[in-house]
Amino acid sequence: MEDERELEDPCFYAYLDISLENQCKELCDYMQSLGADIPDSSGVLDDDLTHIIESCHFCFQENKELEMEAALNSITSLLVCMDMNRGESLVKKFCKKLTREQSKKLEISCLKVLYLLYQGLQTQSTPRYEVYCELIPLAGRTGQIMSVFTDTPTLKKSFPRVTIDKLQHLYRLIHEALLKCKESEKAAKVIMELLGTYTPENASQAKEDAQKCIVSALADPNTFLLDPLLALPPVKVLEGAPIHELLTIFVTDPLPTYLTFYNENKEFVDSLGLSHEENVRKMRLLTFMQMAEAKEELTFDEVQDQLQISEKDVHQFIIDVLKTKLVKARVNDKQKKILVSATMHRTFGKMQWAHLRGTLGSWETHLKNLSNGLAAVVKLQADIMNKAGLEGSLAPPMVL
């Protein structure tokens, strides 16, 4: 498989119709032929598999990926046939061998084998969870996370009896892997799902996760509706901390407030890994959205003052805004005004819900009036046609 190719659809390979002991003997002979210093097959499955797994790195060879996968898949076929009370420790050893850092081509081959092992184990099997925990970081390193993870509902169906602690651990692994694969939007959804597993009673345990969630949302150039974060119990626990103050600024305050905060907390913001330039860009967009909510006509002077840009940069800024599709507007150069026709709300609270309800109620009333008007027109037309038909029937016969 080439580096950028996705994993094949999950399916279990067909193996030779020979006994497990004979498969072990062939694998022992093969590892010995590669230079592995292991004893001959003893006929005891557990002992033979232990030696084979300990020496399986001998088949990790560049440009021989297919041969390597064939050998590793044979080991997989033996593991999934074992009683997991005996085989769990061997599965863990095998995972450690497959997930060690090496070239990307070999890592992708290991990922395919590991995914096959995951698919081959019974759903309720304890090692299956452990295998998936090893699988996710490897998928992140190889850029293949979307081949082994689709969404959180599917994940929960795959592990129906897993404890909350273990599910939270999975969410953290997946979040990190998604970030490595530049899947920031999906990563934000996963970290939100993670924070949603906490209650007000244990929210204090998730301070680190809450900070990661906030940083991910602020860093994502396509995330602008941030106020839902403030309602999460783990985020509420951070009230009074600089990270919570920074989030609140992005939710409600204008650009000058952020600039003041940055000047007073430069080291803190930089330590989060956030780009000040990108923060300013996002705050300009958020500030403009808030201005557009309040007024349908904005002067160039107002925009320059609030966004701290020069007049020559106004046009480029409006182009950038329109590209985001957050605001619909046009520029009147003659009057030096920006005419707003629609805008996304920066926050969506009770006031916005009330406004939406009023708008929908108004539409409903207009539609009812339109329906009643059309019904009246149809009735009038029917009456006219009936009257015309009646008069026609009473007319004298025509004389030829």
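Here the structure is a predicted model, which is why all the values come from computation and not from measurement.

Caption draft 1: Inspection of the overall build of the protein chain at higher detail. When helices and strands are tallied, the protein chain shows 19 helices and 3 strands. Classification of the 400 residues of the protein chain by burial places 40% in the buried group. A separation of at least 24 residues holds for 64% of the contacts in the protein chain among residues at least 6 apart in sequence. A total accessible area of about 22,600 Å² is found for the protein chain, and carbon and sulfur atoms account for 53% of it.

Caption draft 2: Highlighting helix α1 (residues 20-33). Here α1 spans 20 Å end to end across 14 residues, near enough to the 20 Å set by a 1.5 Å rise per residue. Burial in α1 covers these residues: Gln-23, Cys-24, Leu-27, Cys-28 and Met-31. Viewed along the axis of α1, the buried residues span an arc of 140 degrees, placing them on a single side of the element. Close packing links the buried residues of α1 with α2 (45-54) and α3 (65-80).

Caption draft 3: Just the environment of Phe-300, in detail. Structurally, Phe-300 is set in helix α17 (residues 300-307). For Phe-300, a relative accessible area of 4% puts it in the buried group. As a C-alpha pair, Phe-300 and Gln-335 span 35 residues in sequence and 9.1 Å in three-dimensional space. In contact with Phe-300, not counting residues within four places along its chain, are Glu-311, Val-314, His-315, Val-331, Asp-333, Lys-336, Lys-337 and Ile-338.

Caption draft 4: Focus on the pattern of salt bridges. This structure, assessed with the given rule, holds 14 salt bridges. Between Glu-69 and Lys-112 there is a salt bridge, with its nearest N and O atoms 3.1 Å apart. With Glu-69 in helix α3 and Lys-112 in helix α5 (residues 104-120), this residue pair connects regions lying 43 residues apart in the sequence. Here Glu-69 falls in the buried class, since its relative accessible area comes to 5%. Linking Lys-156 and Glu-193 is a salt bridge whose minimum nitrogen-to-oxygen distance equals 3.0 Å. Of the two residues, Lys-156 sits in helix α8 (residues 152-158) while Glu-193 sits in helix α10 (residues 184-195), which places them 37 residues apart along the sequence. With relative accessibility at 36%, the residue Lys-156 sits in the partly exposed group.

Caption draft 5: Spatial organisation of unusual backbone geometry. In this structure, Asn-63 is a non-glycine residue whose phi angle is positive, near 65 degrees. Relative to the assigned elements, Asn-63 resides in the loop between α2 and α3. A relative accessible area of 65% places Asn-63 in the exposed class. One non-glycine residue, Lys-182, lies in the positive phi region at around 65 degrees. Looking at the element boundaries, Lys-182 is found in the loop between α9 (164-180) and α10.

Caption draft 6: Broad picture of the pairing of strand β2 (residues 327-332). In this structure, β2 lies alongside strand β3 (residues 337-343), joined through 6 bridges in antiparallel fashion. Pairing of Ala-329 across the sheet is with Val-340, part of β3. Between the antiparallel neighbours β2 and β3 lie 4 residues, among them Lys-336 with a positive phi of about 55 degrees.

Caption draft 7: Geometry of the side chain of Asn-279. Along the chain, the position of Asn-279 falls in helix α16 (residues 276-294). The buried category is assigned to Asn-279, whose relative accessible area is 2%.

Caption draft 8: Region of interest: the packing of aromatic side chains. Summed over the entire model, instances satisfying the criterion amount to 8 aromatic pairs. When the centroid spacing of 6.1 Å and the interplanar angle of 15 degrees are considered together, the rings of Tyr-115 and Tyr-118 count as stacked. Of this pair, Tyr-115 and Tyr-118 are both found in helix α5, 3 residues apart, which corresponds to roughly one turn of the helix. The same class applies to Tyr-115 and to Tyr-118, which are both buried. On the numbers, 5.5 Å between centres and 50 degrees between planes, the contact of Tyr-132 with Phe-159 is tilted. Note that Tyr-132 is positioned in helix α6 (residues 126-142) and Phe-159 in the loop between α8 and α9, a separation of 27 residues in sequence.

Caption draft 9: Spotlight on the sheet that holds strand β1 (residues 297-299). The 3 strands are arranged β1-β3-β2 in an open sheet whose pairing can be described as antiparallel. Each edge of the sheet is formed by a strand with only one pairing partner; in this case those strands are β1 and β2. Averaged over neighbouring strand pairs, the angle between their axes works out to 25 degrees when direction is ignored. Where β1 and β3 come together, 3 bridges link them in antiparallel fashion. Bridge assignment links Leu-298 to a residue of β3, and that residue is Ile-338. Packed on one face of the sheet, helix α18 (residues 314-324) meets β2 and β3 and runs near 155 degrees to β2.

Caption draft 10: Seen up close, a nonpolar patch on the surface. A cluster of nonpolar side chains, Leu-367, Leu-370 and Leu-374, forms an exposed patch at the surface whose accessible area comes to about 320 Å². On the secondary structure map, Leu-374 appears in helix α19 (residues 350-394).

Caption draft 11: Representation of the packing of helix α11 (residues 207-219) against helix α13 (residues 242-252) within the structure. Packing of α11 against α13 brings their axes to within 11 Å, and their N-to-C directions diverge by 35 degrees. The handedness of the crossing between α11 and α13 is left-handed. Contacts between α11 and α13 pair Gln-211, Ile-214, Val-215 and Leu-218 from the former with Ile-243, Leu-246, Leu-247 and Phe-250 from the latter. Partitioned by chemical class, the residues of the contact of α11 with α13 number 7 nonpolar, 1 polar and no charged.

Scoring rules and cut-offs
Residues numbered from 1 in each chain as written. Predicted model: local features only at pLDDT ≥ 70, side-chain atom pairs only at ≥ 80, totals over all residues. Heavy atoms only, no water. Helix = DSSP H or I, 4+ residues; strand = E, 2+ residues; numbered from the N terminus. Buried < 20%, exposed > 50% of the residue type's maximum accessible area, 1.4 Å probe, protein only. Contact = heavy atoms within 4.5 Å. Areas by Shrake-Rupley, 256 points an atom, 1.4 Å probe, with all protein chains shown as cover. Expected span 1.5 Å × (residues − 1). Arc of directions from axis to C-beta. Salt bridge = Lys/Arg side-chain N within 4 Å of Asp/Glu carboxyl O. Pairing = 2+ DSSP bridges. Phe/Tyr/Trp six-rings, centres within 6.5 Å; stacked < 30°, edge-to-face > 60°. Axes fitted to C-alpha atoms, helices over the stretch in contact; angles between N-to-C directions. Patch = residues over 30% accessible without salt bridge, like charges linked within 9 Å, V, L, I, M, F, W, Y side chains within 5 Å. Left-handed = near helix turned anticlockwise from the far one by under 90°. Nonpolar A, V, L, I, M, F, W, Y, C, P; charged D, E, K, R; others polar.

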